[in-house]
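Understanding the architecture of this molecule
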Amino acid sequence: MIGRRGLLASGAGVAVAAGAGWAFDAAAVAGWPDARWETADALALGWSRPALEQLDGRVRALGVTSLTVVQDGRLVASWGPQDRKVNVRSVRKSLLGLLYGIAVAEGRIDLDRSLDRLGIDDREPRLTAAEKRATIRHLLKARSGVYHPTAYENDAMKAKRPPRGSAGPDERWYYNNWDFNALGTIYERLTGEDIFRGFESRIARPIGMQDYMAADGRRVFDPASDHPAYVMALTARDLARVGHLVLNRGNWNGRTVVPAAWIAESVTAWSATDAGSLGYGYLWWTLPPAGRFGPGASLALGSDGQAIGVVPRLRLAVAQLCSDATKRPRRVRGADAVDLLGLVVEAAG
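The notes below deal with the structure included here. (Residues numbered from 1 in each chain as written. Predicted model: local features only at pLDDT ≥ 70, side-chain atom pairs only at ≥ 80, totals over all residues. Heavy atoms only, no water.)

1. With respect to the side chain of glutamate 153
Checked against the element boundaries, glutamate 153 lands in the loop between helix 4 (136–140) and helix 5 (155–160). Classification of glutamate 153 by relative accessible area gives buried; the value is 11%. At 2.7 Å, the side chain of glutamate 153 and the side chain of arginine 161 are in polar contact. Beyond its immediate stretch of four places on either side in the chain, glutamate 153 contacts Lys158, Arg161, Tyr174 and Asn177. (Helix = DSSP H or I, 4+ residues; strand = E, 2+ residues; numbered from the N terminus. Buried < 20%, exposed > 50% of the residue type's maximum accessible area, 1.4 Å probe, protein only. Polar contact = N/O pair within 3.5 Å; in protein donor to acceptor, adjacent residues only side chain to side chain. Contact = heavy atoms within 4.5 Å.)

Shown next as structure tokens:
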């Protein structure tokens, strides 16, 4: 292939071109295990060269580590090392959400069981009877009303956390790490399955992830809570596969990995949020159906620039990773990830 500024060269497993990140040759992804995962020339598909150049400039300006763009099952663009494992931050929550869908379909988890029935509590100050009325479904929607201190909260999150008892179950949406961490505890108790090994066997291997192993997960504890955060490190090329799985409603090459009905519920906007026009489903963010993204567009978002974007209108799955905040001009925010996804849409559309 010929990029916009000359012939491509392949180095360190990542295809590069002089001054261009969005063109590459097939040798750069020869190790991807799924034979149906083809590469394609974005320009030959009708993508906009000026829009790709604008996207290229934005990726470089933000200091994005890796960006992977897949359209209709074909890899059409990439920036940076595709095999670098990065802490995906809160994208972990959306990944756990996929495991929940499998467990619910198998009858291992009942979403309407309450914390009280599940025997879920926490360290002093313990959960109140009102808080224990919250169900698994409330936690998936970030609507539990449990505002207990928790693990993996930064100072801004601690300052923003509502007072205990200020809302009951399903009365308020709040992006709540207590809900997300407790969901990890609940999943492991009800299934008897380690999250990281479960993700490897039930999702990573069936969809042909090249890099992820259970050892890429770790737990982060906090003295304030019994429920640790389940932290995961993945590569951009593996995250792109998650996006493609969600794009295809949980189906991978004819095999149901996650039930389609669960994907549909997960990317339904059950709540408005405090993040502009973004809605919230089951551990997945949703984009407004009107405008450039179109119906069914969704996001997994993590702090410092980690993201998976899914745009059904254009059959797009996009993965973004940022590995070292100290080497970037400024912190990459969730809004930046949305803007980058918008630039991809403009280039493809």
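2. Quick look at the sheet that holds strand 15 (residues 285–286)
Spatially, nine strands are ordered 5-7-6-18-17-16-15-14-13 in an open sheet, and the strand pairing comes out mixed. The open sheet has two edge strands, strand 5 (38–39) and strand 13 (271–272), and neither has a second partner. Pairing of strand 15 with strand 16 (residues 298–302), which is carried by two bridges, proceeds in the antiparallel orientation. For threonine 286, the partnering residue across the bridge sits in strand 16 and is serine 298. Across the sheet, helix 10 (residues 334–348) lies against strand 6 (66–71), strand 16, strand 17 (306–311) and strand 18 (316–321), angled at about 140° from strand 18, the strand it touches most. (Pairing = 2+ DSSP bridges. Axes fitted to C-alpha atoms, helices over the stretch in contact; angles between N-to-C directions.)

3. A look at the pairing of strand 10 (residues 225–234)
Taken across its 10 residues, strand 10 has nine buried, putting it largely inside the fold. In this structure, strand 8 (residues 86–87) lies alongside strand 10, joined through two bridges in antiparallel fashion. Bridging across to strand 10, valine 86 finds its partner in leucine 234. The sheet contact formed by strand 9 (residues 217–222) and strand 10 spans five bridges and is antiparallel. Its bridge partner being in strand 10, glycine 217 is matched across the sheet by methionine 232.

4. A word on the pattern of salt bridges
Enumeration according to the criterion identifies 22 salt bridges in this entry. Residue glutamate 200 pairs with arginine 205 through a salt bridge whose shortest N-O separation is 3.3 Å. Judged by its relative accessible area of 22%, glutamate 200 is partly exposed. According to the relative accessible area criterion, arginine 205 is partly exposed, its value standing at 38%. By sharing partners, the salt bridges in this structure join Glu106, Arg108, Glu193 and Arg202 into a single network. (Salt bridge = Lys/Arg side-chain N within 4 Å of Asp/Glu carboxyl O.)

5. Some words on the packing of helix 2 (residues 91–105) against helix 6 (residues 177–191)
Closest axis-to-axis distance for the helix 2/helix 6 pair is 11 Å, and the angle between their directions is 35°. Along this stretch, helix 2 crosses helix 6, giving a crossing that reads as left-handed. Counting all contacts with helix 2, which are made through Arg92, Lys93, Leu96, Leu99, Tyr100 and Ala103, the residues of helix 6 involved are Asn177, Phe180, Asn181, Leu183, Gly184, Ile186, Tyr187 and Thr191. Here the contact of helix 2 with helix 6 is built from residues that sort into eight nonpolar, four polar and two charged. (Left-handed = near helix turned anticlockwise from the far one by under 90°. Nonpolar A, V, L, I, M, F, W, Y, C, P; charged D, E, K, R; others polar.)

6. So, the nonpolar core
Grouped together as the largest cluster of nonpolar side chains are 104 residues, with contacts concentrated most on Trp47, Tyr100 and Phe199. Apart from the residues within four sequence positions on either side, tyrosine 100 is in contact with Ile109, Leu111, Ile136, Leu140, Leu183, Ile186, Tyr187 and Trp262. (Core = buried A, V, L, I, M, F, W, Y, C linked by side-chain atoms within 4.5 Å.)

7. A closer look at the sheet that holds strand 9
Ordered in space as 8-10-9, the three strands form an open sheet in which the pairing is antiparallel. Each edge of the open sheet is held by one strand with a lone partner, namely strand 8 and strand 9.

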